[in-house]
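# Close look at the chain arrangement
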Amino acid sequence: VEPVRNPTLEGRYARVRSALFGKREDVDGTPLPAAEQELWGFHGAAPTKIRSIVDKGLRPLGHPLTGGIKSGSGDTGYWGSGKTGIYLSRTLNYAAKYSNPQWLPPHGYVPTPLSPETEVVVIAFRFCPGEEFKPPAVVGAQLQVQPGYDSHMSGEGHEWWLPYAGQCVPRFLVHLKAKPKTDG
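Here the structure is a predicted model, which means the values were calculated and not measured.

For the rest of this paragraph, the subject is the pairing of strand 4 (residues 119-127). Most of strand 4 sits out of view: seven of its nine residues are buried. Where strand 2 (residues 39-44) meets strand 4, six bridges bridge the pair, whose relative direction is antiparallel. Bridge pairing in strand 4 links Phe-42 to Ala-124. Here nine bridges tie strand 4 to strand 8 (residues 168-177), and the two strands are oriented antiparallel to one another. Residue pairing in the sheet places Ile-123 in a bridge with Leu-173 of strand 8.

This is the structure in structure tokens:
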């Protein structure tokens, strides 16, 4: 694990966080405790993109700070392409498959678990979801972004969609090496 610091992104996150902190509620409408207003999320990307994400933050595709890149992984995600927001995962293993060099272009892009001994880097972010929309569990379905929410969580909880670039800040680079499965 390698800590990262970016004062510019930290300042942007602090401003967005102050607007969203306290909006996350339990199913009965009770605000969740402070410890649950901010979460850890993970983002996997091609090795060539990791430094840019740490330096400039996650941005929707086509944003000027992405260099105008208009196509990402090709994975449309639960909430559509990355042109309208950014994606994080709540689990490291789910994000790691998006860093898998075996399945990055030009070989096509099918996020898949890592082969034994494959090494990848995943970025750990701190994020503030604010008022979230969570649909019923729908496996593999394309869902519609609902207006009026600060974030959307997939029904299975694998992916979070955030509409605001400043809603998350990189904190660590997590270096992983897949190990072979063992019996037992």
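Moving on from the model shown.
What follows covers a negative patch on the surface. A cluster of acidic side chains, namely Glu-25, Asp-26, Asp-28, Glu-36 and Glu-131, defines a negative patch on the protein surface. Within the element layout of this structure, Asp-26 appears in the loop between helix 1 (7-20) and strand 2.

Moving on, we come to the pairing of strand 7 (residues 159-162). Here strand 7 shows no split at all, with Glu-159 and Trp-161 on one side and Trp-160 and Leu-162 on the other all buried. Bridge analysis of strand 3 (residues 86-89) against strand 7 gives four bridges, and the strand direction is antiparallel. Counterpart to Leu-88 in the pairing with strand 7 is Trp-160. In this structure, strand 6 (residues 151-153) lies alongside strand 7, joined through two bridges in antiparallel fashion. Note that in strand 7 the partner of His-152 across the bridge is Trp-161. Following strand 6, the chain reverses through five residues before pairing antiparallel with strand 7; Gly-157 in that reversal takes a positive phi of roughly 85°.

The subject of this paragraph is helix 1. Because each turn of an α-helix spans 3.6 residues, side chains separated by three or four positions end up pointing in the same direction. Over its 14 residues, helix 1 extends 20 Å from the first C-alpha to the last, a length consistent with the 20 Å expected when each residue adds 1.5 Å. Along its buried surface, helix 1 packs onto helix 2 (47-56), strand 4 and strand 8. Regarding helix 1, its N-cap is Asn-6, as a side-chain oxygen of that residue lies 3.1 Å from the backbone nitrogen of Thr-8 further along. Among the residues trailing helix 1, Gly-22 stands out with phi positive, at a value near 95°.

Calculation criteria
Residues numbered from 1 in each chain as written. Predicted model: local features only at pLDDT ≥ 70, side-chain atom pairs only at ≥ 80, totals over all residues. Heavy atoms only, no water. Buried < 20%, exposed > 50% of the residue type's maximum accessible area, 1.4 Å probe, protein only. Helix = DSSP H or I, 4+ residues; strand = E, 2+ residues; numbered from the N terminus. Pairing = 2+ DSSP bridges. Patch = residues over 30% accessible without salt bridge, like charges linked within 9 Å, V, L, I, M, F, W, Y side chains within 5 Å. Areas by Shrake-Rupley, 256 points an atom, 1.4 Å probe, with all protein chains shown as cover. Salt bridge = Lys/Arg side-chain N within 4 Å of Asp/Glu carboxyl O. Lys, Arg positive; Asp, Glu negative; His and termini not counted. Charge placed at Lys NZ, Arg CZ, Asp CG, Glu CD. Expected span 1.5 Å × (residues − 1). Contact = heavy atoms within 4.5 Å. Polar contact = N/O pair within 3.5 Å; in protein donor to acceptor, adjacent residues only side chain to side chain.

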